[in-house]
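# Observations on the model geometry
Listed here are the chains, written in short residue letters.
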Amino acid sequence: MQIIKVSYFLIFLMLRIVILSRGSIFAAGIARRLGEREDVEMVRLVDVRRDDVLDQVRGLRPSLVILDATDAIACQRLSVAGILNAVPGVTLIQVDPRSDQIVIFKSVEKQAARVNDIVAAFHDVSTELCAGI
Amino acid sequence: MTRRVLIADDHSLFRDGVVTLLEAEGMEVVGEAADGEMAVELALKLKPDLVLLDIHMPKKNGLEALREIRAQLPDAQIVMLTVSDDDENLFEAVRNGAQGYLLKSLNSHGFLASLRGLERGEAALSRKLTTRLMSYVASTTQIEENKPLGLEMLSERELELLKLVALGYSNKLAAKELNVSANTVKYHMKNILRKLGVKNRAEAAAYAVTAGILRDMES
């Protein structure tokens with residue numbers, strides 16, 4: 001039972017990563033670096049110029065999508081909301097190598113029957129995010 | 001033989017990506033520098049075969065670092081790897097002995113192909129930048145002969161600027177309109193004056209109006 005639990009834990013942690021880019025120097029470099037990690041099951045570069053880019057992403061079932069913030073075409077063609085809607089539950093990280101900054105986006109769906117539920121949801125999400133830092 | 005590479009860029013995330021790419025291509029990254037001073041220091045100490053230099057770096061910019069490294073290591077190949085596609089930076093880099101000038105927006109295949117080309121003695125330049133460089137060389141060669149060259153010898157960007165000057169734009173406003181720095185505008189303006197054989201911007205504006213440069217805009 002213990003072994004099963006550990007295995008489940010490892011499978012759960014294995015990352016499936018999609019990098020949205022035109023294949024820039026930076027994107028290709030981080031794709032290779034991520035591919036070397038043991039906790040990464042898959043890394044795919046998806047060309048943002050494809051018409052079916054979001055279908056491609058959805059089909060790859062990523063747990064993490066990385067968006068190259070320096071890729072003007074990627075940022076023009078794809079919105080954060082569009083990506084999060086296309087792959088519910090995915091974490092989106094926008095990476096900006098010009099400033100060594102990343103911005104993390106995560107969509108969480110919750111039921112809200114009353115106005116107070118909105119504030120409660122905000123506190124829940126804030127606590128989760130802080131716990132992750 | 002494995003090529004030994006030094007990379008200088010103040011953005012560590014970008015540097016990390018490039019290092020991975022170079023290592024996957026079979027190159028050995030012998031050093032990483034986060035500023036221009038460190039780039040010069042490491043270059044002189046490690047004597048790499050290839051130096052990749054960003055332009056905008058703290059302490060010492062990439063063009064200054066290029067001059068110093070080139071003076072001390074004449075055999076090293078030096079390539080600028082930058083976001084700046086400013087003509088002034090490109091020309092200065094080439095004048096100071098850079099074998100290449102690559103934009104960070106380039107795709108990885110183009111980047112690696114350019115670095116491989118260096119080994120065959122080719123310059124690491126995109127076609128677009130090569131064209132701009134050739135226009136520059138052609139125009140400066142004629143300028144040296146002191147011949148007024150006329151509107152046809154102005155580059156597209158210089159013509160745009162001349163139109164703005166004829167409309168009364170200051171350098172600052174023209175820079176804003178063309179989305180370039182004030183220094184770039186000054187640089188283009190200097191070329192315009194030389195090519196047209198005029199002394200100042202007022203004469204350039206008069207030349208432009210007489211030549212009918214604003215006619216297309218009025219119709």
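Everything below is about the structure printed above this text.
The structure contained in this document is the topic of the report that follows. (Residues numbered from 1 in each chain as written. Chains lettered and ligands numbered in written order. Predicted model: local features only at pLDDT ≥ 70, side-chain atom pairs only at ≥ 80, totals over all residues. Heavy atoms only, no water.)

With that out of the way, let us pick up the overall build of chain B. The helix and strand tally for chain B stands at 11 helices and 6 strands. At a minimum sequence separation of 6, the contacts of chain B that also span at least 24 residues come to 63%. Of the roughly 11200 Å² of accessible surface on chain B, a fraction of 50% belongs to carbon and sulfur atoms. Side-chain charges of chain B comprise 28 positive and 32 negative groups, with the mean position of each set lying 4 Å from the other. (Helix = DSSP H or I, 4+ residues; strand = E, 2+ residues; numbered from the N terminus. Contact = heavy atoms within 4.5 Å. Areas by Shrake-Rupley, 256 points an atom, 1.4 Å probe, with all protein chains shown as cover. Lys, Arg positive; Asp, Glu negative; His and termini not counted. Charge placed at Lys NZ, Arg CZ, Asp CG, Glu CD.)

Moving on to a nonpolar patch on the surface. A surface patch of nonpolar side chains, amounting to about 300 Å² of accessible area, comprises Val115, Ile118 and Val119 of chain A. Residue placement: Ile118 of chain A occurs in helix H6 (residues 115-132). (Patch = residues over 30% accessible without salt bridge, like charges linked within 9 Å, V, L, I, M, F, W, Y side chains within 5 Å. Salt bridge = Lys/Arg side-chain N within 4 Å of Asp/Glu carboxyl O.)

Position of Asp96 of chain A relative to the elements: it lies in strand S4 (residues 91-96). In this structure Asp96 of chain A touches Ala69, Thr70 and Gln101 of chain A, once residues within four positions along its chain are discounted.

On to the sheet that holds strand S5 (residues 100-103) of chain B. Residue and element names in this part refer to chain B. Taken in spatial order, the 6 strands of this open sheet run S2-S1-S3-S4-S5-S6, and their pairing is parallel. In the strand order of this sheet, the two ends are held by strand S2 (28-33) and strand S6 (124-125), each with one partner. The sheet contact formed by S5 and S6 spans 2 bridges and is parallel. Note on S6: the bridge partner recorded for Tyr101 is Leu125. Each of strand S1 (4-8), S2, strand S3 (50-53) and strand S4 (77-82) touches helix H1 (residues 12-24); the most contacted strand, S2, lies at about 165° to it. Strand contacts of helix H3 (residues 62-72): S3 and S4, with the helix running at about 175° to S4, the strand carrying the most contacts. (Pairing = 2+ DSSP bridges. Axes fitted to C-alpha atoms, helices over the stretch in contact; angles between N-to-C directions.)

Once that is clear, we can look at the packing of aromatic side chains. Overall, the coordinates contain 2 aromatic pairs over all chains when judged by the stated rule. Each ring, one from Phe26 of chain A and one from Phe14 of chain B, has its centre 6.3 Å from the other, and the planes form 20°; the classification is stacked. Of the two residues, Phe26 of chain A is situated in helix H2 (residues 25-35) and Phe14 of chain B in helix H1; the pairing between them involves two chains. Each of the two residues, Phe26 of chain A as well as Phe14 of chain B, counts as buried. With 6.1 Å between their ring centres and 40° between their planes, Phe91 of chain B and Tyr187 of chain B make a pair best called tilted. Of this pair, Phe91 of chain B sits in helix H4 (residues 87-95) while Tyr187 of chain B sits in helix H9 (residues 182-196), and the two are 96 residues apart along the sequence. The exposure class of Phe91 of chain B is buried, given its relative accessible area of 4%. (Phe/Tyr/Trp six-rings, centres within 6.5 Å; stacked < 30°, edge-to-face > 60°. Buried < 20%, exposed > 50% of the residue type's maximum accessible area, 1.4 Å probe, protein only.)

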